[in-house]
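Each chain, letter by letter, is given below.
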Amino acid sequence: MMNVDAGRMQAVIQEAFDKVGSSRRWQTAIAKAKQQLETNPYIHFDGVALLILSDSNEIYRANGSCQCKAFANGQPCWHRAAARLVQLYIEKSH
Ligand SMILES: [Zn+2]
């Protein structure tokens, strides 16, 4: 689990929801990313990308791209959403 300030992360997540507008797939990806950031102990930001051990026991390294099936199919995935949330969170922290 990432050590994050819950209030600051919530603000980042709210901004992200505002940005994606009516895109249901991104809304779903952000919601899953939020839940995983809160509960998945195997998420680590290496300074460039977010390393994630997923429920399916795959390790993904996400920033603008990802190695999962959804990304291969051109769909939003929660790995990319989580990577973006963490990047925005860190920017806000400086
Ligand atoms: Zn992915």
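Residues numbered from 1 in each chain as written. Predicted model: local features only at pLDDT ≥ 70, side-chain atom pairs only at ≥ 80, totals over all residues. Heavy atoms only, no water.

Asker: Any chance you could explain the packing of helix H2 (residues 24-39) against helix H4 (residues 78-93) here in plain terms?
Answerer: Packed helices, taken two at a time, are described by their axes: the angle between them and the distance between them. Where H2 meets H4, the axes come as close as 8 Å, and the angle between the chain directions of the two elements is 65°. Regarding the angle of H2 to H4, the classification is roughly perpendicular. Regarding H2 and H4, the two cross each other, and that crossing is right-handed. Of H4, the residues touching H2 (which contributes Trp26, Ala29, Ile30, Lys32, Ala33, Gln36 and Leu37) are Trp78, Arg80, Ala81, Ala82, Leu85 and Val86. Residue composition of the contact of H2 with H4, by class: 10 nonpolar, one polar and two charged. (Axes fitted to C-alpha atoms, helices over the stretch in contact; angles between N-to-C directions. Helix = DSSP H or I, 4+ residues; strand = E, 2+ residues; numbered from the N terminus. Parallel < 35°, antiparallel > 145°, perpendicular 65-115°, else oblique. Left-handed = near helix turned anticlockwise from the far one by under 90°. Contact = heavy atoms within 4.5 Å. Nonpolar A, V, L, I, M, F, W, Y, C, P; charged D, E, K, R; others polar.)

Asker: Can you walk me through the pattern of salt bridges in this structure?
Answerer: Between side chains of opposite charge, pairing is possible as soon as their charged atoms come close. The final tally for this structure, using the stated rule, is four salt bridges. Residues Arg61 and Asp46 are paired through a salt bridge, measuring 2.9 Å at the closest nitrogen-oxygen approach. Taken together, the residues span a long stretch of sequence, with Arg61 in strand E3 (residues 59-62) and Asp46 in the loop between strand E1 (43-45) and strand E2 (50-53) at a distance of 15 residues. Using a relative accessible area of 38% as the deciding quantity, one classes Arg61 as partly exposed. (Salt bridge = Lys/Arg side-chain N within 4 Å of Asp/Glu carboxyl O. Buried < 20%, exposed > 50% of the residue type's maximum accessible area, 1.4 Å probe, protein only.)

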